[in-house]
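Here is what each chain is made of, one letter per residue.
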Amino acid sequence: MLNGAASSTIGIANLPNQTHKIVSRKGATFTLMVVGESGTGKTTYINTLLTTTIKAYRDPAKRREMLARKTVSIDVIRVEFEEKGFRTQLNVVDTPGFGDYVNNRDAWQPIIDFIDGQHESYLRQEMQPERSDILDGRVHACLYFIYPSGGTLRALDIETMKRLGSRVNLIPVVAKADTLTPKDLAQFKRRVRDAIAHYEINVYTPPVESDTEGVAERNVALIDAMPYAVIGSEDDVQTPDGRVVRGRQYLWGVSEVENDEHCDFRKLRNLLIRSHMLDLVTTTEERHYEHFRSTHLDANGRIVSTVTRKDAKFKEEEDNLRRRFAEQVKAKEAMFRQWEQKLIAERDKLNKDLEHEHSYITTLTQEIKALEERLAGKK
Ligand SMILES: Nc1nc2c(ncn2[C@@H]2O[C@H](COP(=O)(O)OP(=O)(O)O)[C@@H](O)[C@H]2O)c(=O)[nH]1
Ligand SMILES: [Mg+2]
């Protein structure tokens, strides 16, 4: 059961009947991933999203079990919710932050490998004759957490977002929006938007066209709000006017998570799990997965594996082996040469001995001959 302030229905239950049938036969799976520098609030955001969205887990133990812990590896949190008979399996992929190292080259590689790996796994299953139980781990939306520096996108953000945008529905997010004043936040969002356009980063854009009145305008407003400013909090706090809300308490007041004046948390949640869940799933299938498929099958229809890391490691091992082999060959060659020298020396010695024997025999033969002649003379 889903129950939050503005979440009377979730995405799947809101769909027109036709799509209902397609999605709900086995229940839908929706996979959301969070990526970004360490400490930008990714894990907190996941917990905020889950606890403000899925309130069925009133049992504290179960709720704790569901929450994300400090992230040291790529973690997948699985939650299932049901609304009007439609089951949705929500997978949230938490990733350890990057950017902690002096050398951040290829920091994005494990994340890219994960995304490509899910596509590859799906493709492998799809090519099997028995395909009724396909496990679908493909990432439908990737939230990229941008550090609220007040400046603009960092080089690492640009490099990572470029790679992500060509593989998944990339949704940029301004982290910890409560740390910027509304004026600075608006300016920062504008700069980020400009950088995204300038560096030609491919981001998810909600489709505008819609027959339903008001929906098109809402979608335009959604596009304009990108990058979505979010505030994460695991606590409920009291506002100066007495309301208890999810938020962060400060001396000057409260930053409210679910307040449109404070951040875009509600807008983003609505986009993800209600208004655009199906579009995120279909664009993943039709655009990103299709692109992966068309670029990862060779002429014989065999899968070209994506494991770049292992390639590099394998090559290193191969080089080591080759070097060790060459060294061993060289050592053996030296040994053979020594043997050869010894053999030659022995052969020479034998030859000399033979010569010696030969001349001895010749001398003896001559002596015999002389003796015979002398004997014959005496007769
Ligand atoms: N001011 C502020 N702090 C936040 C926000 N979200 C998370 N934090 C804090 O930032 C720190 C790092 O959060 P965490 O979720 O572990 O970051 P992660 O490394 O990206 O997963 C924690 O102390 C959080 O309480 C936010 O929206 N605003
Ligand atoms: Mg974390």
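These numbers come from a predicted model, not from an experiment.

K.L.:
I keep staring at the overall build of the chain and nothing clicks. Help me out?
P.N.:
When helices and strands are tallied, the chain shows ten helices and nine strands. Residues classed as buried in the chain amount to 29% of the 379 residues present. Intrachain contacts of the chain at a sequence separation of at least 6 include 70% that bridge at least 24 residues.

K.L.:
Even after reading the chapter, I still don't get the site of ligand 1, so can you show me in this structure?
P.N.:
Taken together, the neighbourhood of ligand 1 is formed by 15 residues, with G41, K42, T43, T44 and G232 sitting nearest. With three residues, the single largest contributor to the shell around ligand 1 is helix α2 (residues 42-53). A class-by-class count of the residues in the shell around ligand 1 yields one nonpolar, ten polar and four charged.

K.L.:
Teacher, can you tell me more about helix α5 (residues 155-165) here?
P.N.:
Residues spaced three or four apart along an α-helix point in a common direction, a consequence of the helix completing one turn every 3.6 residues. Considered for burial, the residues of α5 that qualify are D157, T160, M161, L164 and G165. Along the axis of α5, the buried positions cluster into a sector of 125 degrees, meaning they face one direction only. In this structure, the buried side of α5 is in contact with β1 (28-36), β4 (141-146) and β5 (170-174).

K.L.:
Would you mind going over unusual backbone geometry with me for this structure?
P.N.:
Leaving glycine out, the prevailing phi sign among residues is negative, and the prevailing peptide bond configuration is trans. The linkage connecting M226 with the following residue, P227, adopts the cis geometry, with an omega of -5 degrees. Counting through the fold element by element, P227 comes out in the loop between α7 (215-225) and β6 (228-229). Even without a glycine there, the phi angle at K176 is positive, about 45 degrees. Positionally, K176 belongs in the loop between β5 and α6 (182-198).

K.L.:
Sorry if this is basic, but what is going on with the pairing of strand β8 (residues 244-250) here?
P.N.:
Every regular strand shows the same layout, with side chains that alternate between the two sheet faces. Pairing of strand β7 (residues 236-238) with β8 involves three bridges; the strand directions are antiparallel. Paired with V237 across the two strands is V245, which belongs to β8. Hairpin connection of β7 to β8: five residues between the antiparallel strands, including G242 at a positive phi of 95 degrees. Both β8 and strand β9 (residues 253-256) contribute to a ladder of four bridges, which runs antiparallel. The residue bridging Y250 from the neighbouring strand is G253, located in β9. Connecting β8 to the antiparallel partner β9 that follows it, the hairpin turn spans two residues.

K.L.:
What's the story with the nonpolar core in this structure? I'm lost.
P.N.:
Soluble globular proteins: nonpolar side chains tend toward being buried together. Counting 56 residues, the largest nonpolar core has C142, Y144, V173 and V230 as its most contacted members. Dropping the residues within four chain positions of it, V173 is found in contact with L143, Y144, F145, I146, P227, Y228 and V230.

K.L.:
Would you mind going over helix α9 (residues 277-295) with me for this structure?
P.N.:
Helix length check: α9 (19 residues) gives 26 Å between terminal C-alpha atoms against 27 Å at 1.5 Å per residue, within 8%. Maximal helix bending in α9 amounts to about 35 degrees, located at T284.

K.L.:
So what exactly am I meant to see when it comes to the sheet that holds β8 here?
P.N.:
Hydrogen bonds along the backbone pair up the strands of a sheet, which may run parallel or antiparallel. Strands sit in the order β7-β8-β9 across an open sheet of three strands; the sheet is antiparallel. A strand with exactly one partner marks an edge of an open sheet, and here the two such strands are β7 and β9. Across the sheet, the mean angle separating the axes of adjacent strands is 65 degrees when strand polarity is ignored.

K.L.:
Just to check I follow, could you spell out the pairing of β4 for this structure?
P.N.:
Burial of β4 is extensive: six of the six residues sit out of reach of the surface. A two-sided burial pattern is seen for β4, the buried positions comprising A141, L143 and F145 on one face and C142, Y144 and I146 on the other. Here five bridges tie β1 to β4, and the two strands are oriented parallel to one another. Bridging from a neighbouring strand, M33 pairs with C142 of β4. Pairing of β4 with β5 involves five bridges; the strand directions are parallel. Across the sheet, residue C142 finds its bridge partner in β5, namely L170.

K.L.:
Can you walk me through the environment of L278 in this structure?
P.N.:
For L278, the position within the fold is in helix α9. Looking at L278, the number of C-beta atoms within 10 Å reads 21, which means it is buried. Each C-alpha atom, one on L278 and one on H140, is 9.6 Å from the other, the two residues being 138 residues apart in sequence.

K.L.:
Would you mind showing me how to read the confidence of the model for the chain here?
P.N.:
Segments scoring low in pLDDT should not have their predicted coordinates read at a detailed level. In the predicted model, the chain carries a mean pLDDT of 83, and 80% of its residues have values of at least 70. Predicted confidence is poor over residues 1-9, with pLDDT under 50, and the contacts of this stretch with residues over four places away or in other chains come to 17 contacts. This stretch, residues 16-22, has a pLDDT under 50; its non-local contacts, to residues over four places away or in other chains, come to two contacts.

K.L.:
Before we go on, may I ask you to explain the environment of D264 in this structure?
P.N.:
Counting through the fold element by element, D264 comes out in the loop between β9 and α8 (265-275). The class for D264 is buried, based on 22 C-beta atoms found within 10 Å. As a C-alpha pair, D264 and V230 span 34 residues in sequence and 5.7 Å in three-dimensional space. Aside from chain neighbours lying at most four places away, what touches D264 is A225, Y228, A229 and V230.

How each quantity is defined
Residues numbered from 1 in each chain as written. Chains lettered and ligands numbered in written order. Predicted model: local features only at pLDDT ≥ 70, side-chain atom pairs only at ≥ 80, totals over all residues. Helix = DSSP H or I, 4+ residues; strand = E, 2+ residues; numbered from the N terminus. Buried ≥ 20, exposed ≤ 12 C-beta atoms within 10 Å, placed from the backbone. Contact = placed C-beta atoms within 7 Å. Near = placed C-beta within 6 Å. Nonpolar A, V, L, I, M, F, W, Y, C, P; charged D, E, K, R; others polar. Arc of directions from axis to C-beta. Pairing = 2+ DSSP bridges. Core = buried A, V, L, I, M, F, W, Y, C linked by C-beta atoms within 7 Å. Expected span 1.5 Å × (residues − 1). Bend = angle between axes of the 7 residues up to and from the residue. Axes fitted to C-alpha atoms, helices over the stretch in contact; angles between N-to-C directions. pLDDT = per-residue confidence, 0-100.

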